[in-house]
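Fold and contact review
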Amino acid sequence: MTTARISAQEQGKARTGDPGGRVLRFGLGSRLAHWNHAITFLLLLFTGLALVIRGFGGLLGADGLRFFGQLHRWMAIPFTVLTIPILLIAARKATARWIREVFRFDRDDLRFFPGFLRELFGLKGDMPPQGKFNAGEKVNSMLQILGWPVMVITGWMMVYKTHLPAPLMQWVIPVHSLTAMLLGCVVIGHIYLATLLPGFREGLSGMLSGWVPARWAKEHYRKWYDEIAGE
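Each value, and the rule that gives it
Within every chain, residues take consecutive numbers counted from 1 along the sequence as written. Only residues with pLDDT of at least 70 get local features here, since the model is predicted, and only at 80 or more are side-chain atom pairs given and counted; chain-wide, interface and lining totals rely on the full set of residues. As a rule here, side-chain values cover all heavy atoms of the structure and leave hydrogens and water aside. Each helix is a run of H or I in the DSSP string that is no shorter than four residues. Each strand is a run of E no shorter than two, and both are numbered from the N terminus. Two residues qualify as a contact provided that any one of their heavy atoms is within 4.5 Å of a heavy atom in the partner residue. Throughout, the Shrake-Rupley method with a 1.4 Å probe supplies accessible areas, and for residues the shown protein chains are the sole cover considered. Counting rule applied: Lys, Arg positive; Asp, Glu negative; His and chain ends not counted. We put the charge of a Lys on NZ, of an Arg on CZ, of an Asp on CG and of a Glu on CD. All axes are obtained by fitting lines to C-alpha atoms, using only the stretch in contact for helices, and the reported angles, taken between N-to-C directions, cover 0 to 180 degrees. Each crossing gets its hand from how the near helix is turned against the far one by less than a right angle, where anticlockwise is left-handed and clockwise is right-handed. Here the nonpolar group is Ala, Val, Leu, Ile, Met, Phe, Trp, Tyr, Cys and Pro; Asp, Glu, Lys and Arg are the charged ones; every other residue, Gly included, is treated as polar. Definition used for salt bridges: Asp or Glu carboxyl oxygen within 4 Å of a side-chain nitrogen of Lys or Arg. Between buried and exposed lies partly exposed: a residue is buried under 20% and exposed over 50% of the maximum accessible area for its type, with that area taken using a 1.4 Å probe on protein chains only. Two aromatic rings from Phe, Tyr or Trp, using only the six-membered ring of Trp, form a pair when their centres are within 6.5 Å; if the ring planes differ by under 30 degrees the pair is stacked, by over 60 it is edge-to-face, and anything between is tilted. Look at NZ for Lys and CZ for Arg. If either is within 6 Å of the ring centre and within 35 degrees of the ring normal, a charge sits over the ring. To count toward a patch, a residue needs a relative accessible area over 30% and no salt bridge; like charges are then connected within 9 Å, while nonpolar side chains (Val, Leu, Ile, Met, Phe, Trp, Tyr) are connected within 5 Å. Directions drawn from the helix axis to the C-beta atoms are what define this arc. Among buried residues, those of type Ala, Val, Leu, Ile, Met, Phe, Trp, Tyr and Cys that are joined through side-chain atoms within 4.5 Å constitute a nonpolar core.

Re the overall build of the chain
Secondary structure assignment for the chain yields eleven helices and two strands. For the C-alpha atoms alone, the extent of the chain along its principal axes is close to 60 × 40 × 30 Å. Considering only contacts within the chain whose residues lie at least 6 apart along the sequence, 68% involve residues at least 24 apart. About 13,300 Å² of surface is accessible on the chain, with carbon and sulfur atoms providing 68% of the total. For the chain, the separation between the mean place of its 26 positive charges and that of its 15 negative charges on side chains is 6 Å.

Shown next as structure tokens:
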């Protein structure tokens, strides 16, 4: 997600970099939506695994399982109702650009993956210039955008499963579980890149403070950096 509406002073900093050699990458609205989605999803994933894996159930006991079930339902509420209003109200322009960009791939996006795989294994990769989001982030965004409604619809159907036909629920439950596992793997990989992999960790500051090092932005998102720098 791109920068939300910001002041003229911040826009100037985003173009030229602040005195600390940084550029503004994400506005407050984008960051709030990101962390609401990320935190609630991780809690839903963790509590959901505890509910379906028998080993967890034995460790938690009846009271622990009951608490995890309640927590799972509580987290489903902000996961369902908060992220989209934040995106549409606090980061409307940023969200529109995000949607436009993540579903558009060019030749540089396709060339990104071989270079990324080399960097992932500690080799020097030939990374083509990227826009606001690199090709890997576009794939992640697409999966989150498409997976979110599947998780929400099937999840609430499971809450009210006693009111729905049993044959339908035989499909709903595996679809919910498989989608959760797919998105969970993607999120875990995203966390690994953002926190542990050299060359990618600097990007985490963009979702914490909104700012990233200008040198890093120019190296990893050259098209976007050129755009905000007016080059």
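Quick look at the packing of helix α7 (residues 135-159) against helix α8 (residues 166-195)
The contact between α7 and α8 brings their axes to 9 Å, and the two run at 145°. For the pair α7 and α8, the crossing hand works out as left-handed. Residue-level contacts link Asn 140, Leu 143, Gln 144, Gly 147, Val 150, Met 151, Thr 154, Gly 155, Met 157 and Met 158 of α7 to Leu 168, Met 169, Val 172, Ile 173, Val 175, His 176, Thr 179, Ala 180, Leu 183, Val 186, Val 187 and His 190 of α8. Per-class residue counts for the contact of α7 with α8 are 14 nonpolar, eight polar and no charged.

A word on the pattern of salt bridges
This model, assessed by the stated rule, comprises ten salt bridges. With a closest N to O distance of 2.8 Å, Asp 63 and Arg 66 form a salt bridge. Taken together, the positions of Asp 63 and Arg 66, both in helix α3 (residues 54-81) and three residues apart, correspond to about one turn of that helix. Exposure remark for Asp 63: the relative accessible area of 57% places this residue in the exposed category.

Brief notes about the packing of aromatic side chains
Following the criterion strictly, the structure yields six aromatic pairs and no others. When the ring of Phe 41 is compared with that of Phe 79, the centres are 6.4 Å apart and the planes differ by 35°; the resulting orientation is tilted. One end of the pair, Phe 41, is in helix α2 (residues 28-52); the other, Phe 79, is in helix α3, with 38 residues separating them in the sequence. Note on Phe 41: relative accessible area 4%, which makes it buried. For the ring pair Phe 112 and Phe 113, a centre distance of 5.6 Å and an interplane angle of 80° mean the geometry is edge-to-face. The structure contains a cluster of three or more aromatic residues connected by ring pairs, namely Phe 46, Phe 67 and Phe 68. Looking at Arg 25, its charged tip hangs above the ring of Tyr 221, at a distance of 4.0 Å from the centre. Of note, Lys 132 hangs over the ring of Phe 26, and the distance from its end group to the ring centre comes to 5.0 Å.

Description of a nonpolar patch on the surface
Together, Leu 49, Leu 51, Val 52, Ile 53, Phe 56 and Leu 59 give the surface a local cluster of nonpolar side chains, amounting to about 540 Å² of exposed area. Elements represented by at least two residues in the nonpolar patch include exactly α2 and α3. Within the element layout of this structure, Ile 53 appears in the loop between α2 and α3. Ile 53 sits in the partly exposed class, given a relative accessible area of 38%.

Points about helix α4 (residues 83-90)
An α-helical turn contains 3.6 residues, so a residue and the one three or four places further along point in the same direction. For α4, every residue scored as buried is listed here: Thr 83, Ile 86 and Leu 87. Buried residues along α4 cover an arc of 95° about the axis, so they all sit on one side. Away from its buried face, by an angle of more than 90 degrees, α4 presents the exposed residues Leu 88 and Ile 89.

Quick word on the nonpolar core
Core analysis: the biggest nonpolar cluster contains 13 residues, and Phe 41, Leu 44, Phe 79 and Met 151 have the highest contact counts within it. Going through the elements one at a time, α2, α3, α7 and α8 are the ones with two or more residues in this core. The element contributing the most residues to this core is α3, with four residues. Counting residues in each nonpolar core, the second largest holds nine residues, with Val 23, Val 212, Ala 217 and Trp 224 among its members.

Considerations on the environment of Leu 42
As for its position among the elements, Leu 42 is in helix α2. Here the alpha-carbon distance between Leu 42 and Met 151, two residues 109 residues apart in the chain, equals 13 Å. Once you skip the residues sitting within four places of it in the chain, Leu 42 turns out to touch Val 187 and Ile 191.

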